[in-house]
Amino acid sequence: MDRPVRVLFVCLGNICRSPMAEGIFRKLLKERGLEDRFEVDSAGTGAWHVGEPMDPRARRVLEEEGAYFPHVARRLTREDVLAYDHILVMDRENLEEVLRRFPEARGKVRLVLEELGGGEVQDPYYGDLEDFREVYWTLEAALQAFRAEARGLQALAERGVRVPQVHWVGEEGLVLAYLEPGPEDWEGLARTLAALPRRREGSYLAEPGFLGTFPLPGREGG
Ligand code: 4NP
């Protein structure tokens, strides 16, 4: 895929959690020089705060971490659902509301904390600044994992490799379980991995039941 990967963060009001996720993800991409590989935005399922800036507490925490950006709240549209590749929501209520309004989002929409094995990002709106800080660090951990996974899968797709199953995601590499390779896919994946720089001797040894690491390209890599 040589167009950018499109990622949309969604919460209820689009003034607390989803703009925080957007700011954090933009910061993580910038750190790796990956801004041009992703298109990022956020939206709310509800319309109460449309046109407003983000909550001052969200702004403050993002500013503390160097992740602030100007934001105007908006509501999720059908066009978003069609245009974005990944719609990452904060809680189950968001998930249900997105699917209720836009059944076509199925397959693209999931809880952002699935990246960390599950759970919900609790609404900090009626909480205090510490609750916003907790949201920040929870989202940062999830989005580090998401960046790694999305980048690795994108790099494989750019090389024409059918996307294998991701077994585990680390900051520097994906561990891929290539479980049911057809002969052509198998060879293609082995060739692709063999052409990549090796992290460890034997990392890309292709055998039935293959489990290998795929290093994540950063600034300089494809
Ligand atoms: P968010 O937080 O969904 O993270 O933006 C909320 C913002 C506003 C309200 C609820 C949650 N509200 O009820 O107005």
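Residues numbered from 1 in each chain as written. Predicted model: local features only at pLDDT ≥ 70, side-chain atom pairs only at ≥ 80, totals over all residues. Heavy atoms only, no water.

**Details of the site of the ligand**
The line we're drawing: In these notes, residues near a molecule or strand are those with any non-hydrogen atom within 4 Å of it. Definition of a polar contact: a pair of N or O atoms within 3.5 Å, with one able to donate and the other able to accept a hydrogen when the atoms are protein atoms, and with sequence-neighbouring residues admitted only if both atoms are side-chain atoms. Only the protein chains shown count as cover for residues, with accessible areas throughout obtained via the Shrake-Rupley method and a probe of 1.4 Å.
Taken together, the residues surrounding the ligand are Cys11, Leu12, Gly13, Asn14, Ile15, Cys16, Arg17, His49, Asp123, Tyr125 and Tyr126. Cysteine 16 is positioned with one of its backbone polar atoms (N or O) 2.9 Å from an oxygen atom of the ligand. Between an oxygen atom of the ligand and a side-chain N or O atom of aspartate 123, the distance comes to 3.3 Å. About the coverage of the ligand: the protein hides 90% of its 360 Å² of free accessible area.

**Brief notes about the sheet that holds strand S4 (residues 109-111)**
Note the threshold: Between any two strands, at least two bridges found by DSSP are needed for them to pair. Segments assigned H or I by DSSP are reported as helices when at least four residues long, segments assigned E as strands when at least two residues long, and all are numbered from the N terminus. Here an axis means a line fitted to C-alpha atoms, over the contact stretch when the element is a helix, while the angle between two N-to-C directions is reported on a 0 to 180 degree scale. Note on definitions: a residue-residue contact is assigned when non-hydrogen atoms from the two residues lie within 4.5 Å.
With parallel pairing, four strands are arranged side by side in an open sheet as S2-S1-S3-S4. The open sheet terminates on both sides in strands that have one partner only, identified here as strand S2 (38-44) and S4. On average, each strand axis in the sheet is inclined to that of its neighbour by 25°, with strand direction left out of account. Inspection of the sheet shows strand S3 (residues 86-89) paired to S4 by three bridges, in the parallel sense. Each bridged residue has a counterpart across the sheet, and for leucine 88 the counterpart in S4 is arginine 110. Helix H1 (residues 17-31) rests against strand S1 (5-11) and S2 of the sheet, and its axis sits at about 170° to S2. Helix H4 (residues 92-101) contacts S1, S3 and S4 of the sheet and is inclined by roughly 170° relative to S4.

**Overview of the pattern of salt bridges**
So the rule is basically this: Counted as salt bridges are all cases of a side-chain nitrogen of Lys or Arg within 4 Å of a carboxyl oxygen of Asp or Glu. Per-residue accessibility, obtained with a 1.4 Å probe over protein chains only, is compared with the maximum for each type, and a residue is labelled buried under 20%, exposed over 50%, and partly exposed between these values.
Going through the model one piece at a time under the given rule, you end up with 15 salt bridges. Arginine 57 is paired through a salt bridge with aspartate 55; the nearest N and O atoms lie 2.8 Å apart. A relative accessible area of 22% places arginine 57 in the partly exposed class. In this structure, a network of salt bridges that share partners links the residues Arg60, Glu64, Glu130 and Arg133.

**Regarding the confidence of the model for the chain**
We apply this condition: Note on scores: pLDDT gives the predictor's confidence for each residue, bounded by 0 and 100.
Averaged over every residue, the pLDDT of the chain is 82; residues scoring 70 or more account for 69%. Confidence over residues 179-184 falls short of pLDDT 50; this stretch has three contacts with residues more than four positions distant or in other chains. Confidence drops under pLDDT 50 across residues 197-210; counting only partners more than four residues distant or on other chains, this segment forms 26 contacts.

**Some remarks on H4**
For the record, the criterion: The reported arc concerns the directions from the helix axis to the C-beta atoms and nothing else.
Buried within H4 are the following residues: Asn94, Val98 and Leu99. Each buried residue of H4 sits inside an arc of 125° when the element is viewed along its axis, so together they form one side. With respect to the buried face of H4, the exposed residues turned more than 90 degrees away are Glu93, Glu96 and Arg100. Looking at the packing, one finds that the buried side of H4 touches S1, H1, S3 and S4.

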